[in-house]
Amino acid sequence: MWRRWSAALAASVLAVGLLAAPARAVNPPPVTSTLTSPNPADTIPHAQNGDTKAFAEIGNTVYVGGSFTSVKAAGAASWTPRNYLFAYDKTSGALKTGFTPVVDGVVHALAVSPDGKLIVGGAFVNVNGVSRKNLVQLDPATGATVGGWVGRSDGGLVRRTVVVGNKLYIAGAFHWVNGTQHSLLARLDATTGAIDPTFQIDASVARASSELVWGLAVSPDGRTLVAVGNFTQVNGQPRNQVVVVDLAGTPAVANWSTQRYVAPCYNWSFPFYARDVDFSDDGSYFVIIADGGRGDGAYCDAIARFETATRGAGLDATWVNYTGSDSVTSVEVADNVVYVGGHFRWLSNTNGNDSAGAGAINRFGLGALDPINGMPLNWNPTRSGAPAGTTSWGPIMWELWRGSTGLLAGFDSDGLGNEYHGRMGLFPLAGGRTVPAVNAPSAASGYLYLGTANGQATKVPFNGTTLGTPVASSQPNLTSAGASFSIGNKLYWSKTDATAPSGSYLDVSIFSGGSVGAPWVSSGYNNWFNAASMSGAFYLNGRMYYTRAGTNELFYRYLEPDGYLVGCTEFTLPSQGIAWGSVRGMAWVNGKIVYGHTDGALRAVPFDEAAVDGAAVVRVAAASAGATWSSRTLFFATS
C-alpha cells in the first residue's frame, strides 16, 4: 500500500544522504476514494512459468520476487533467464541488467531497510553461492549480498517481511531466527538484521497440516500487528487463524479474538483459510481475506473489515463480503479502496454457492470495494486476456501492492484487463478516477417532498421540528413512484414497471433546483430486487433503510452509490415501540427518522444507527388539507 511505498522512498532518499455482514454498531461515514485505472500499463515486463509473489521499490527501480524462471521487457521478442528475483526501471520498464543475484529458491517477500537495501525473504538456502537461509539483504544496484547483515531464518520459509521504522517483522513457517527460538513470528533490526529479544510472540499448533503464518500487517503507527495463518495458539492463548498483537511497549497478545475463523470450511482441501490481511492508510481498520469454501458461521471465501481499536472476545466484522464459494487470496487497502484478488467470479454473492445468487456482482478475479460497507466499486478489469498457449486462469492472485505509480498485481496466469500480461501487471494511478464521498443531505433544514399523484408532489419547508406552508410542486418525471430517498445530488426511487423482472426498478434521477430529472434504471445487477415492496426508505452511511407494509421491522441493505448497487443481504435493525408496517414514506433529517403513517400524520424519532426506541417518537404534524403524510414517496432535500 501507499505507506509501504512511502517507506521505500524514504529509504532510497536516506541511501543517497538524506496506503458483507455487519455485527457491530460501527457505521463508518462515506470517504473519498481514489481508484487506479482498470486498464493495465503496457510498459512493464512479463514473467514466465511459476508466478510473481512480491514487489518493492527503491528509487526508480521496481523489484519483483516469485517462482518464475525467465522474464522479458514489454515488446521484447526473447526471454531472459531470471530465477526468482529481478528488477526493472519504473519509468521505461527496461530490465535492470546489472541486478543479477543468484537465489536458489522461491522469493516470497520483499522489503526495504531504512538505509536503502533490499531485504528478501522466501524458501531458499543459498544466495550468490553462500548460505543465507530464507532471509538476506542485498545491494539494490547489483544484487550482491550485504555480508554484514546478520538476519537468518534458520528453521523455514519466510512468507512476509514488513518494515516499520527500523523494525523488520517477519512471518512464515520458521522456528528459529538468528539462532534463537521464534515460532512463526519475529522482529529484527532492519538495518543490521539483529534479532529483537523483546519481541517474543510465538504462534503454534496447526489446525491441520503444517503450522505457519501466511499473512502479516503492521499498522502505520507501528502500534498494532495482525497475523493470519495456520495456527490455533499464540503465546499459549487460543487464537484460531488470526492474532492481534499490541506493539506499544513490550509486544503482547492483544485482548482481541473472533470465532469467525474457528469452524472448518472445506477442510479436506483447506487446512486453514485466513490468507491475507492489510491495514487502511490511517490504521483505523484492517481487512482479512479468506478462501476455504463454505462453513457454518465462518468467514469462508470472504472479505471482512475489523476496527483496529476494538478489543474483546467473540468479535465480529464491521462488514463481510462473500464470493459464493470462490477463493480470495490477496488484499491491498490503499487510497480508501479495498482491492482484492483471487480465483473468484463474483462479489457480494452471499446467496450463491458456486453460482451467481441474487445480488451477485460479476468480478472475475479482481475487485475494488467501498471501505464503508464492502460493496463493489465500479472497477472491473478482470483476470482475462491470456493468449492461446499461455495460462488463462490460475488459482492464486499472490500479491496486490500499492507502489508509487499504481497497484501492482502478482499472479500465476497470463491475462489481465483482457490483455496479455505475463504473471504480473500494473494498474496505474494515471487514468484512474476519484469516487466522491456522498451521503444523505446533512442540512438541519430544507424541504420535505411528498408524492401526491403521478407527476405531482407537495413541497413543505421543514427545519427538523416545524413544518412550513405546503406548496404544489410539478414533477413530470416522477411517475409510478414508490419509496424514494436522496443521496448527494441524486434521487433514488422505486418505479413500478410491468416489464421489469421483479415488477419494479430502482430508478435514479438528478435532483437539482427542486426538480426531479429524467430517470434511468440504477443497475441491471438490481433486477432481482423488488423496489416497489418498500413502503418507505432513506439512505445513510452506506445503508439503505426501508420498511415493508404490514411487517413491523426496520430493514436495511448496503447500497453503493458508485454503480447504484443494492446489497444482496437484508438485515434488521433492533427497534421497539414503532409499527413499522404502517409507515408510509421516510427520510433522514439531522439525526432523526421522519416518517409518514397510514393515519396521515408525520412523526419523527431519534436515530443513532444502532437501534430505534419508539418511546422517543414525537408527532410533527397531523394530516391536513395541505399535506396528508401517507404516501410512500417522501424525501428530504435542500432545494
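Position numbers for residues start from 1 in each chain and track the written sequence from start to end. Given that the model is predicted, a residue must reach a pLDDT of at least 70 before its local features are reported, and side-chain atom pairs must reach 80 or more before they are shown or counted; all residues, however, enter totals for whole chains, interfaces and linings. No hydrogens and no water enter the side-chain calculation; it runs on all heavy atoms of the structure.

1. So, the state of the cysteines
What counts as a disulfide here is a pair of cysteine sulfur atoms lying within 2.5 Å. Counting across every chain of the model gives 1 disulfide. A sulfur-sulfur separation of 1.9 Å characterises the disulfide bridge that pairs Cys265 with Cys300. Taking the sign of the torsion about the S-S bond as the criterion, the disulfide between Cys265 and Cys300, at about -90 degrees, is left-handed. Of the two residues, Cys265 is situated in the loop between β24 (252-253) and β25 (274-279) and Cys300 in the loop between β26 (285-290) and β27 (302-307); the sequence distance between them amounts to 35 residues. Each of the two residues, Cys265 as well as Cys300, counts as buried. Cys568 carries a free sulfur, and the closest cysteine sulfur to it, the one in Cys300, is 16 Å from it. Numbered from the N terminus, helices here are DSSP runs of H or I no shorter than four residues, and strands are runs of E no shorter than two. Burial classes: relative accessible area under 20% of the type maximum marks a residue as buried, over 50% as exposed, and values in between as partly exposed (1.4 Å probe, protein chains only).

2. A closer look at the sheet that holds strand β33 (residues 366-369)
Two strands are said to pair when DSSP picks up at least two bridges between them. In spatial order, the strands read β29-β30-β33; together these 3 strands make up an open sheet with antiparallel pairing. Strands at the two margins of the open sheet, each flanked by one partner only, are β29 (328-334) and β33. In this sheet, neighbouring strand axes are inclined to one another by 20 degrees on average, regardless of whether the strands run parallel or antiparallel. Here 4 bridges tie strand β30 (residues 337-342) to β33, and the two strands are oriented antiparallel to one another. By the bridge assignment for β33, Gly341 is matched with Leu366. The axes are straight lines fitted to the C-alpha atoms, using for helices just the contacting stretch, and the angles between their N-to-C directions are given from 0 to 180°.

3. Section: the pattern of salt bridges
Basic side-chain nitrogens of Lys or Arg form a salt bridge, by our definition, when they fall within 4 Å of a carboxyl oxygen of Asp or Glu. Throughout the structure, instances matching the rule amount to 20 salt bridges. One salt bridge connects Asp276 with Arg160, and the closest N-O pair in it is separated by 3.4 Å. Here Asp276 is found in strand β25, whereas its partner Arg160 is found in strand β13 (residues 158-164), with 116 residues between them in sequence. Here Asp276 matches Arg160 in class, with each residue buried. For Glu570, the salt bridge is made with Arg548, and the minimal N-O distance between the two is 2.5 Å. Placement of the pair is Glu570 in the loop between β51 (565-566) and β52 (571-573) and Arg548 in strand β49 (residues 543-548), with a sequence separation of 22 residues. The partly exposed category is assigned to Glu570, whose relative accessible area is 30%. The class for Arg548 is partly exposed, based on a relative accessible area of 23%.

4. Concerning the confidence of the model for the protein chain
Every residue is assigned a pLDDT by the predictor, reflecting its confidence on a scale from 0 to 100. Mean pLDDT over the protein chain works out to 95, with 96% of the residues at or above the 70 mark. Note that residues 1-25 has pLDDT below 50 and, in this model, 87 contacts with residues that lie over four places away or in other chains. Note on contacts: a residue pair qualifies if any of its non-hydrogen atoms lie within 4.5 Å across the two residues.

5. A word on the nonpolar core
We define a nonpolar core as any set of buried Ala, Val, Leu, Ile, Met, Phe, Trp, Tyr and Cys residues linked to one another through side-chain atoms lying within 4.5 Å. Residues Ile303, Val338, Val340, Leu554, Ile593, Phe607 and Val612 are the most contacted members of the largest nonpolar core, which totals 35 residues. For this core, the secondary-structure elements that each account for two or more residues are β26, β29, β30, β48 (534-540), β50 (551-560), β52, β54 (583-589) and β55 (592-597). When near neighbours in sequence (up to four residues on either side) are disregarded, Ile593 contacts Phe538, Leu554, Trp580, Met586, Ala587, Arg603, Ala604, Val605, Phe607 and Val612. Ala217, Ala263, Val277 and Cys300 belong to the second-largest nonpolar core, a separate cluster that totals 27 residues.

6. A few points about the packing of aromatic side chains
Working definition: a ring pair exists when centres of Phe, Tyr or Trp rings (six-membered ring for Trp) sit within 6.5 Å. Plane angles under 30 degrees give stacked, over 60 give edge-to-face, the rest tilted. For the structure on display, the rule yields 32 aromatic pairs. With a centroid separation of 4.2 Å and 15 degrees between ring planes, the pair formed by Phe364 and Trp393 is classed as stacked. Of the two residues, Phe364 sits in the loop between β32 (361-362) and β33 while Trp393 sits in the loop between β33 and β34 (397-402), which places them 29 residues apart along the sequence. What makes Phe364 partly exposed here is its relative accessible area of 31%. Its relative accessible area of 25% is what places Trp393 among the partly exposed residues. For the pair Tyr449 and Phe635, a centre-to-centre distance of 5.0 Å together with 5 degrees between the ring planes defines the contact as stacked. One end of the pair, Tyr449, is in strand β40 (residues 446-453); the other, Phe635, is in strand β59 (residues 634-637), with 186 residues separating them in the sequence. Among the aromatic residues, those joined into a cluster by ring pairs are Trp256, Tyr261, Tyr273, Phe279, Phe286, Tyr299 and Phe306. When the ring centre of Phe272 is taken as origin, the NZ or CZ atom of Arg275, which lies over that ring, is 4.1 Å away. Only lysine NZ and arginine CZ atoms are considered, and such an atom sits over a ring when it is within 6 Å of the ring centre and within 35 degrees of the ring normal. The cationic tip of Arg548 hangs over the ring face of Phe555; the distance from NZ or CZ to the ring centre is 4.1 Å.

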